[in-house]
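# Breakdown of the fold
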Number of protein chains: 4
Amino acid sequence: MTIEVGINGYGTIGKRVADAVRAQPDMEVVGVAKTRPNFEAEQAVANDFPLYAAVPERVGQFDEAGIELAGEVEELVQDSEIVVDTTPSGIGAENKAMYQEYDTPALYQGGEDADLVDVSFNARSNFAEAEGAGHTRVVSCNTTGLSRLIAALEDEYGVEKVRATLVRRGGDPAQSSRGPINDTLPDPVTIPSHHGPDVNTIFPDLDIDTLGMKVPATLTHTHSVNVELTDETDTETVRELLEGESRLFVIPDHMGIDGSGKLKEFALDSGRPRGDVWENAIWGESITVEGGDELYLFQAIHQESDVVPENVDAIRAVLGTADRRESIERTNEALGMGLGR
Amino acid sequence: MTIEVGINGYGTIGKRVADAVRAQPDMEVVGVAKTRPNFEAEQAVANDFPLYAAVPERVGQFDEAGIELAGEVEELVQDSEIVVDTTPSGIGAENKAMYQEYDTPALYQGGEDADLVDVSFNARSNFAEAEGAGHTRVVSCNTTGLSRLIAALEDEYGVEKVRATLVRRGGDPAQSSRGPINDTLPDPVTIPSHHGPDVNTIFPDLDIDTLGMKVPATLTHTHSVNVELTDETDTETVRELLEGESRLFVIPDHMGIDGSGKLKEFALDSGRPRGDVWENAIWGESITVEGGDELYLFQAIHQESDVVPENVDAIRAVLGTADRRESIERTNEALGMGLGR
Amino acid sequence: MTIEVGINGYGTIGKRVADAVRAQPDMEVVGVAKTRPNFEAEQAVANDFPLYAAVPERVGQFDEAGIELAGEVEELVQDSEIVVDTTPSGIGAENKAMYQEYDTPALYQGGEDADLVDVSFNARSNFAEAEGAGHTRVVSCNTTGLSRLIAALEDEYGVEKVRATLVRRGGDPAQSSRGPINDTLPDPVTIPSHHGPDVNTIFPDLDIDTLGMKVPATLTHTHSVNVELTDETDTETVRELLEGESRLFVIPDHMGIDGSGKLKEFALDSGRPRGDVWENAIWGESITVEGGDELYLFQAIHQESDVVPENVDAIRAVLGTADRRESIERTNEALGMGLGR
Amino acid sequence: MTIEVGINGYGTIGKRVADAVRAQPDMEVVGVAKTRPNFEAEQAVANDFPLYAAVPERVGQFDEAGIELAGEVEELVQDSEIVVDTTPSGIGAENKAMYQEYDTPALYQGGEDADLVDVSFNARSNFAEAEGAGHTRVVSCNTTGLSRLIAALEDEYGVEKVRATLVRRGGDPAQSSRGPINDTLPDPVTIPSHHGPDVNTIFPDLDIDTLGMKVPATLTHTHSVNVELTDETDTETVRELLEGESRLFVIPDHMGIDGSGKLKEFALDSGRPRGDVWENAIWGESITVEGGDELYLFQAIHQESDVVPENVDAIRAVLGTADRRESIERTNEALGMGLGR
Ligand SMILES: NC(=O)c1ccc[n+]([C@@H]2O[C@H](COP(=O)([O-])OP(=O)(O)OC[C@H]3O[C@@H](n4cnc5c(N)ncnc54)[C@H](O)[C@@H]3O)[C@@H](O)[C@H]2O)c1
Ligand SMILES: NC(=O)c1ccc[n+]([C@@H]2O[C@H](COP(=O)([O-])OP(=O)(O)OC[C@H]3O[C@@H](n4cnc5c(N)ncnc54)[C@H](O)[C@@H]3O)[C@@H](O)[C@H]2O)c1
Ligand SMILES: NC(=O)c1ccc[n+]([C@@H]2O[C@H](COP(=O)([O-])OP(=O)(O)OC[C@H]3O[C@@H](n4cnc5c(N)ncnc54)[C@H](O)[C@@H]3O)[C@@H](O)[C@H]2O)c1
Ligand SMILES: NC(=O)c1ccc[n+]([C@@H]2O[C@H](COP(=O)([O-])OP(=O)(O)OC[C@H]3O[C@@H](n4cnc5c(N)ncnc54)[C@H](O)[C@@H]3O)[C@@H](O)[C@H]2O)c1
């Protein structure tokens, strides 16, 4: 008995979630919905994903492009046990009524507001809270990256305070109209950025301040992180702790990976689909504990893919088909988590 | 009886050639040589390519990094029927004596001078000329891209004159220290650029003028091409001709691929290893014949990979194990040439 | 008796035109109109340009920001002998009725359609045609750059055909949201681009094909130009011809200016306001005549400023207060045209 | 009696220091030394700065380029009361012996090691310490930017701890070969970066941790800064404090300056030579005090120019011709410090 999953929105996140769901032994993709015919729509069909028109008025455009449709999005919602909504920011909110109408539980992405949903989700941090939820939000790429790190530290040492500067990529690699071209922007210019409060949807009591910036790069976000720990420790011990986490990739010193470019090259060389880096990539050499309780490190977050395994886990969490440990292991195993291992 | 191929230099081109050679039914990778241990070296070992130290003095560095070596590069040269030299520009010339010493025929890349070798090579254009050559140069990514296009046009219509502006990427995606960051440079500033004469190593009698520029992008070179044809034709006919060429990918209009970014996204979505685009990617909408005999078009050249199938063919060409048609078909079949087909 | 000039739209082009008009002995700036209060609006006031609200509804926003207004745009139009409209593309068309209402002749910029106006204008090429025109369009930065070059060649040798590839900057330096970040785009993908027909508004009988591209750079457009000449000549003679043109800056070989970055650095070092390069910057080393009648060269076009002197001349051309030679000389003298002289 | 200043190295920093020194009523530029003839050398001559050959062997190159020399660098050193060495990193150390030989006190730049000199210098922070020093280092652009901010906070509240992430530009605007093109790099990857210890050359007892990154932008460095203060305060009070500092430019909220691009545009619009921003540019909206004693803010540091006024002050500090207050006022007055005032 496989879980029947519908995916509404087949773009950067949606196409990756579709592949990841298909790779799970206990899941099946009922279909994917898209608004416009383009190479991604053709690829969906080429990959045997039944394609549904997200906007009924545009059915004709698919016909013209010679792309066969399986139906319209409402049918997909009806036929799915759960829907993963991977439409652009704000569209998920518009779609909520449709999911409610068909009584289909839905997952949303980080572009939606926290108060749209019953629960915000990160597998490592609060898996169990999503059970039975009608509307669940898989937190954004940045929040996912911070949560995974914080969860590990919180469990082991306790966390007094987190300060993080998020140096964000201006756009994804295929987004040809987004900038900036040659600029560095405080974004938002007010402090703290919205990322801190978003982490608080996962860790309600955490003391965290985040600062956001935007730069002309497409490959990853890069975080400089400072964590004040409750219990004392040292650099080597923290490093080992992080190396033991399945969704953290601690970059070995001798690899010569100096930034996002070589990181993605390594992922491509490793055969990762689309060169995806599902794990937080933490520079091993950067992990530094000062004075016993103050940790610093740099991590790269592959914005296009780190939320993908989280969506897979959220499906099981919502439907109650596995507990945290089982789900994470199953997802990891099916995807091939563990870069460089 | 498979051809035993050694690969000296395991970087951007070398690692791709290694994978492509391994994919051929009639070839086998004896080993690869590298100068320094880094993630690429580790990956070579992870992929079961016997790894040889290119510089004997550095053997210790591999030991320290815990990377096992199969030997030193001279052994690799001795044990190979043919060596593909994919070392950085100018190093191939230094290595020539070693290949001569062991009487091993060698392929070099476009970074080497034309007069280093017996023959410059492009599979579509002059396959047969390489038979029995001791030293063969697979021409550069840009020259390969131009040659494939010119060969098709020359065969069908005759070519009076080619004018091309080559808007070149500043560096490959993982080359973190190359620029420019925010600049557009005539490069070289003198006209014609060296690319035209390089095309003449393949088409000695061709009248061709090229202009080179460099821009802050990493994904592809992009050519604006103007060709005066001998025989008259029209836009639709040329388009069909180009669509019929196995190493030209004519981008369909409705795909929504507006530049290098979406082109690479499409290649990644299509499951291409490393997102490689071995074919010239010609924008279908750009193909325009004016006045019956003047052709214009834009093409993107994926500098990291378009020479890869050419290296594979050059192996067979030099050793005389297949003729042009057979070799190209076998290479294409083994790699999965034909993006979007 | 000075000419009273109003400037509607105080952005990249408008603020430069305002300064250039003010620098003319025979002109005066009546005022400038702007839609929103920001640093440019403050600067207008700091520079003693009477500031008018372009959108009556937003008067309050200026009040809140503490920026004093001289009135609303209609008053400015009424009080001006001529208006230079430097609003964003397409807004000029909306403003036309207002200029007609007050019977004020208007200049528009290259973002407007050619058929909005009575005449399209380039000082070097067709100065006299604008006399008495109600609605005149100063052609775009790219068309201005091509026209200046073509005019010189046409006068001296005759021009058979022009082919140009325009490698365009993605956005101006202060446009923080424009991309691309890491992409090279045929733009438009169809050939010829609209630039050729635009040049034909200045040279109606010229045979010209242009190809447009867009790259992640902000400093200049860069053109690779090919011109088939009617009469024969040689490299040195063409170079001298171009060096003799007052709005062409032939970059000397020994200056070490390798691209847009160093070009702008040179302009800044030379004390140019805002580092502006009003002239086409043609790389001297690139000027090449092949076979006696085929010219190639590279030129950089500083999109933010090359149309500025043309706007100044267009004012005199429309009002008939000077002939071409006089106007160009006066403008050049007042601005300090002649980089590196 | 004006101070006779020689400037060795006429590049990004040197040419700015030359102009700034010339602008001082109590100083005079004896000459500038340069290694190679290029546009900057020509500009030095055009600006009537006597030009000296920095490398005797290259005198001929200047002759060939038709650039007149006033002599060789040793003569310049001999004829100067003080030399400002603005040669590339590491060359200053090589030049030290020459300055010692002629007993000429020297200023060096941030590219040199702290232990090359008697004292590291920042005008606001430790002016008096440089009096009589033979060898003085004006600290780097980043250290200057941090020191100015810290000095103001330290004087008013006391500083417990500083944590700063320095998002550094990859290269200056005219450095066409520096990258990265599309990458974000921890640089250095180890924590803390060298910037913290460099700040300690100015504030020996300060507790400061810095993290460095490198991005594909040329206009400014941008710092995200966190300061734990000793005494309690609030956002508005800190903002007023910073607004009162002559070399801090607190960007007003309503200006619409969202990043480095618009900041530089504003400086150019304001008529600043070369668009220089000598002040730290602190986003007013970003200034935030949390919990009474924890300050956050973003600041942009214009790497090409913030050290320029510091060099001017260091001249007076070393020679003892003015005290801190007098010197800073005189420098500010002569340059026109106070952007947006
Ligand atoms: N790209 C990232 O870096 C990233 C990272 C994490 C989370 N997210 C979040 O994931 C969500 C999706 O982002 P994305 O980057 O995949 O966007 P995208 O633009 O790449 O893809 C969205 C897809 O939805 C389709 N679509 C648009 N309107 C639709 C509608 N009404 N119904 C159905 N489909 C529609 C589009 O055609 C497109 O295929 C957003 O909430 C975003 O904030 C994005
Ligand atoms: N990257 C491109 O865009 C591209 C395209 C076409 C052709 N080429 C040509 O291919 C050749 C290789 O370029 P690349 O981009 O793969 O370079 P690369 O730097 O990515 O890889 C070169 C490899 O050779 C190794 N190496 C260095 N010195 C060596 C030595 N003495 N012996 C053995 N190995 C050594 C390096 O460690 C590295 O692994 C050059 O001639 C280049 O001009 C490159
Ligand atoms: N920037 C360039 O590279 C460039 C080069 C040549 C020609 N042009 C053309 O010049 C024109 C202006 O372009 P720009 O780059 O200066 O634009 P811009 O956006 O920098 O400036 C436009 C100004 O007009 C103001 N504005 C907006 N709506 C207005 C309205 N309704 N009434 C009055 N003012 C209004 C804006 O506030 C802004 O100050 C366009 O036609 C453009 O195509 C631009
Ligand atoms: N550019 C910046 O962002 C920046 C900021 C602050 C401090 N600095 C420091 O200022 C110093 C100068 O840097 P820059 O950016 O001006 O460098 P630059 O390369 O722009 O200029 C250096 C100048 O020195 C000349 N030169 C080279 N060798 C010389 C020699 N042996 N003798 C005399 N002149 C020689 C070069 O021709 C050039 O004109 C370095 O220590 C650097 O670290 C630079």
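Residues numbered from 1 in each chain as written. Chains lettered and ligands numbered in written order. Predicted model: local features only at pLDDT ≥ 70, side-chain atom pairs only at ≥ 80, totals over all residues. Heavy atoms only, no water.

## Considering the packing of helix 1 (residues 12-22) of chain D against helix 11 (residues 308-319) of chain D
Residues and elements named next belong to chain D. Put simply, the rule reads: Fitting a line to C-alpha atoms yields each axis, with helices limited to the stretch in contact; the angle taken between N-to-C directions then spans 0 to 180 degrees. Each helix corresponds to a stretch of at least 4 residues labelled H or I by DSSP, and each strand to a stretch of at least 2 residues labelled E; elements are numbered beginning at the N terminus. Geometric relationships in this document are graded by angle, where less than 35 degrees denotes roughly parallel, more than 145 denotes roughly antiparallel, 65 to 115 denotes roughly perpendicular, and other angles denote oblique. Should the near helix be turned anticlockwise from the far one by less than a right angle, the crossing is termed left-handed; should it be turned clockwise, right-handed. Between two residues, a contact is recorded if the distance between any of their heavy atoms is within 4.5 Å. Lys, Arg, Asp and Glu make up the charged group, whereas Ala, Val, Leu, Ile, Met, Phe, Trp, Tyr, Cys and Pro make up the nonpolar group; the residues left over, Gly among them, are polar.
At a closest axis distance of 9 Å, the pairing of helix 1 and helix 11 adopts a crossing angle of 55 degrees. Classified by the interaxial angle, the pair formed by helix 1 and helix 11 is oblique. The two elements helix 1 and helix 11 meet at a crossing, and its hand is right-handed. In this structure, helix 1 uses Arg 16, Val 17, Ala 20 and Val 21 to contact helix 11, whose residues at the interface are Val 308, Asn 311, Val 312 and Ile 315. Among the residues forming the contact of helix 1 with helix 11, the class breakdown is 6 nonpolar, 1 polar and 1 charged.

## Examining the relation of the copies chain C and chain B
What counts here: When the copies are overlaid, the least-squares fit takes in C-alpha atoms only where the residue has pLDDT of at least 70 in both copies.
Note on the identical chains: chain C maps onto chain B by a rotation of 180 degrees and an axial translation of 0.0 Å, with an RMSD of 0.0 Å. Overall, the copies show the geometry of a two-fold rotation axis. Residues of chain C ranked by C-alpha distance from the rotation axis are headed by Pro216(C), positioned 3.1 Å from it. When the interface residues of chain C are mapped onto chain B, 100% of them are again interface residues, pointing to one common binding face.

## Observations regarding the site of ligand 1
Residue and element names in this part refer to chain A. Keep this limit in mind: Any residue with a non-hydrogen atom lying within 4 Å of a molecule or strand is treated as near it. Under this definition, polar contacts are N or O atom pairs within 3.5 Å; protein pairs additionally need one hydrogen-donor-capable and one acceptor-capable atom, and for neighbouring residues in sequence, both atoms have to be side-chain atoms. Here the open area of atoms and residues is found with the Shrake-Rupley method and a 1.4 Å probe, where only the protein chains shown may cover a residue.
Taken together, 20 residues form the shell around ligand 1, and within it Thr 12, Ile 13, Lys 34, Thr 35 and Asp 172 come nearest. Tyr 10 has a polar backbone atom sitting 3.1 Å from an oxygen atom of ligand 1. At 2.9 Å, a side-chain N or O of Lys 34 approaches an oxygen atom of ligand 1. Taking 820 Å² as the accessible area of ligand 1 by itself, protein coverage stands at 83%. Looking at the shell around ligand 1 residue by residue, the class counts come to 6 nonpolar, 11 polar and 3 charged.

## Side note on the interface of chain C and chain B
Where the parts come together, the accessible area they lose is often given as the size of the interface. Keep this limit in mind: The quantity reported as buried area is the accessible area (1.4 Å probe) lost by two parts once they are put together, taken as the sum for both. By salt bridge we mean one thing: a side-chain nitrogen of Lys or Arg within 4 Å of a carboxyl oxygen of Asp or Glu.
Counting residues at the interface gives 41 residues for chain C, matched by 41 residues for chain B. Interface area, chain C with chain B, both sides summed: about 3400 Å², of which 58% is carbon and sulfur. For chain C, the biggest contributors to the area lost against chain B are Ile191(C), Tyr296(C) and Phe298(C); these three give 18% of the whole. Applying the counting rule to chain C against chain B returns 6 salt bridges. As a salt-bridge pair, Lys161(B) and Glu294(C) come within 3.5 Å of each other at their nearest N and O atoms. Here chain C and chain B share 23 residue pairs in polar contact (both at pLDDT 80 or more) between them.

## Points about the domain arrangement of chain A
All names here are of chain A. Keep this limit in mind: Those domain boundaries reflect an automatic or database domain assignment.
Here the domain parsing of chain A yields domain 1 (3-139 + 307-335) and domain 2 (142-301). Each of domain 1 and domain 2 has a C-alpha centre, and the two are 26 Å apart. Contacts between the two partners involve 23 residues from domain 1, matched on the other side by 18 residues from domain 2. Interface area for domain 1 against domain 2, summed over the two sides, is near 1700 Å², with a carbon-plus-sulfur share of 46%. It is Arg 16, Arg 124 and Val 139 in domain 1 that bury the most area against domain 2; as a group they hold 32% of the surface buried on that side. Linking domain 1 with domain 2 are 8 salt bridges, by the criterion used here. The partner of Arg 247 in a salt bridge is Asp 313, with the nearest N and O atoms 2.7 Å apart. Linking domain 1 to domain 2 there are 12 residue pairs in polar contact (both at pLDDT 80 or more). Within the side of domain 1 that touches domain 2, the residues separate by chemical class into 9 nonpolar, 7 polar and 7 charged.

## Considerations on unusual backbone geometry
Filter applied, for reference: Here the term buried applies to any residue with accessible area under 20% of the maximum for its type, exposed to any over 50%, and partly exposed to those in between, with areas from a 1.4 Å probe on protein chains only.
Put simply, Gly179(A) and Pro180(A) share a cis peptide bond, and its omega is 5 degrees. Its place among the elements puts Pro180(A) in the loop between strand 9 (159-169) and strand 10 (185-186). With an omega of 0 degrees, the peptide bond running from Ile191(D) to Pro192(D) counts as cis. Among the structural elements, Pro192(D) can be located in the loop between strand 10 (185-186) and helix 8 (195-200). Positive phi outside glycine occurs at Arg274(C), with the angle close to 55 degrees. Checked against the element boundaries, Arg274(C) lands in the loop between helix 10 (260-269) and strand 14 (280-283). Since its relative accessible area comes to 8%, Arg274(C) is described here as buried.

## Focus on the interface of chain D and chain A
Contact with chain D, which involves 41 residues of that partner, is made by 41 residues of chain A. For the pair chain D and chain A, the two sides together bury roughly 3400 Å², of which 58% comes from carbon and sulfur. Area buried by chain D at its contact with chain A is led by Ile191(D), Tyr296(D) and Phe298(D), which between them contribute 18% of it. Where chain D meets chain A, there are 6 salt bridges. Here Glu228(D) ties to Arg163(A) by a salt bridge, and the two come within 3.2 Å at their closest N and O atoms.

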